[in-house]
Amino acid sequence: MIRHLTLALAATTALASAATAEFRETARKLSADHGESVVWLSVLAKTSMSAEGDVPANLKNMLAAQEKEDKSEATGTVVDASGLIVTALGSIDKSSMVDGQTFPTPQGPVKLKASSEIKEVKVITADGSEVPADLVLKDEDLGLAFIKVRSESDEAKGVEFKAIDLANSSPGQLLDECVALGRMDEAMNREPSLISTEITGLTTKPRTFYRVPNETIGCPVFLGNGKLLGISVLRQGKASSARTGQIQISPVILPAADVAKIAAQAKEAKPVEATPEEAKKEEAPQDEKLPAEKDGE
């Protein structure tokens, strides 16, 4: 009996090793085939924050201090060879993670208001070159932002963008093995990276999101069979700040089919421009207040 049990365990171990070897080979192939589809984005944004209601002076001052230009980097995924790139909205527009949140204060809850003006976007290619681009569409509900390369620019000449196929996708189930593609930062020469992981949770209401532990925001996540699962985005719980005073942000995977629907619109979209209020404020002299400010509005 012991001999039979030993043989059974050995057979199980062999099957598991074979499955692991096959998965690793699939992961390496996905990285080789689609690694160049993941790019870095350099983004210059100006963020403004305020609050509604009876706002304590210390909170008002803290929010006012947040109004500044900030340059950051984020990863994104090429979804069309013309140079259309999708990324997580929250990684390039920090205001999207804050706007509309309710924050508790001694005087009662206040509602935070935040907005960001994307002033400059550049796509950093694998060799370190920077190609100018524009924000052309954002979907706050899905947490997506689409960037389009300025194909007419001198920097874009001769640059080829390799896109993933959003249509070559499949839904996933709990505990399905996954491969998350990414790209390391400048300290590691921006080389491609991959993470083996699995689906640890999912929700279907109000829409489907997968929980897949990984560090690659704005990047593609594939199933072990090689099919695309979706794109990693950031999602916040709007009720969390009202209860705890902290904004909870979670990385989730948005199904590829949902990304594809918005990508179809983004292909024809024009660059996002500043709102009339933002443009007017930008053009106003630094030492001169706008009428709304004079009236205390």
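Under an unreviewed UniProt entry, the chain has the name Serine protease and belongs to Luteolibacter rhizosphaerae.

Colleague: Pulling in residues and values, what's your account of the pairing of strand β6 (residues 130–139)?
Modeller: Among the 10 residues that make up β6, eight are buried, leaving the element largely enclosed by the rest of the structure. As consecutive antiparallel partners, strand β5 (residues 110–124) and β6 are separated by five residues, and within that stretch G128 has a phi angle of approximately 95°, a positive value. Bridge count between β6 and strand β7 (residues 144–149): six bridges; the pairing is antiparallel. Bridging across to β7, K138 finds its partner in A145. Once β6 ends, the chain turns through four residues before running back antiparallel as β7, passing G143 with a positive phi of about 75°.

Colleague: Give a detailed account of the nonpolar core, specifying residues and quantitative values.
Modeller: In this structure, V79, L144, F146 and V259 are the most contacted members of the largest nonpolar core, which totals 34 residues. Looking at this core, the elements with two or more residues in it are α1 (2–34), β3 (84–88), β6, β7, β8 (177–183), β13 (228–236), β14 (249–255) and α5 (256–266). Broken down by element, this core gets its largest block of residues, five residues, from α5. Those residues within four positions of F146 in sequence are excluded, and the remaining contacts are V79, L84, I85, V86, D134, L135, V136, L137, V259, I262, A263 and A266.

Colleague: So what's going on with α5? Which residues, and what values?
Modeller: Residues A256, D258, V259, I262, A263 and A266 constitute the buried set of α5. Along the long axis of α5, the arc covered by the buried residues comes to 155°, so they all point the same way. Buried residues along α5 sit in contact with β2 (68–80), β3, β6, β7, β13 and β14.

Colleague: Describe the confidence of the model for the chain, and please don't skip the residues or the numbers.
Modeller: Here the chain averages 82 in pLDDT, and 81% of its residues register 70 or above. Counting interchain partners and residues more than four positions distant, the pLDDT-below-50 stretch residues 1–18 has zero contacts. Segment residues 274–297 is flagged for pLDDT under 50; beyond a separation of four residues in sequence, or across chains, it makes 14 contacts in the model.

About the criteria used
Residues numbered from 1 in each chain as written. Predicted model: local features only at pLDDT ≥ 70, side-chain atom pairs only at ≥ 80, totals over all residues. Heavy atoms only, no water. Buried < 20%, exposed > 50% of the residue type's maximum accessible area, 1.4 Å probe, protein only. Helix = DSSP H or I, 4+ residues; strand = E, 2+ residues; numbered from the N terminus. Pairing = 2+ DSSP bridges. Core = buried A, V, L, I, M, F, W, Y, C linked by side-chain atoms within 4.5 Å. Contact = heavy atoms within 4.5 Å. Arc of directions from axis to C-beta. pLDDT = per-residue confidence, 0-100.

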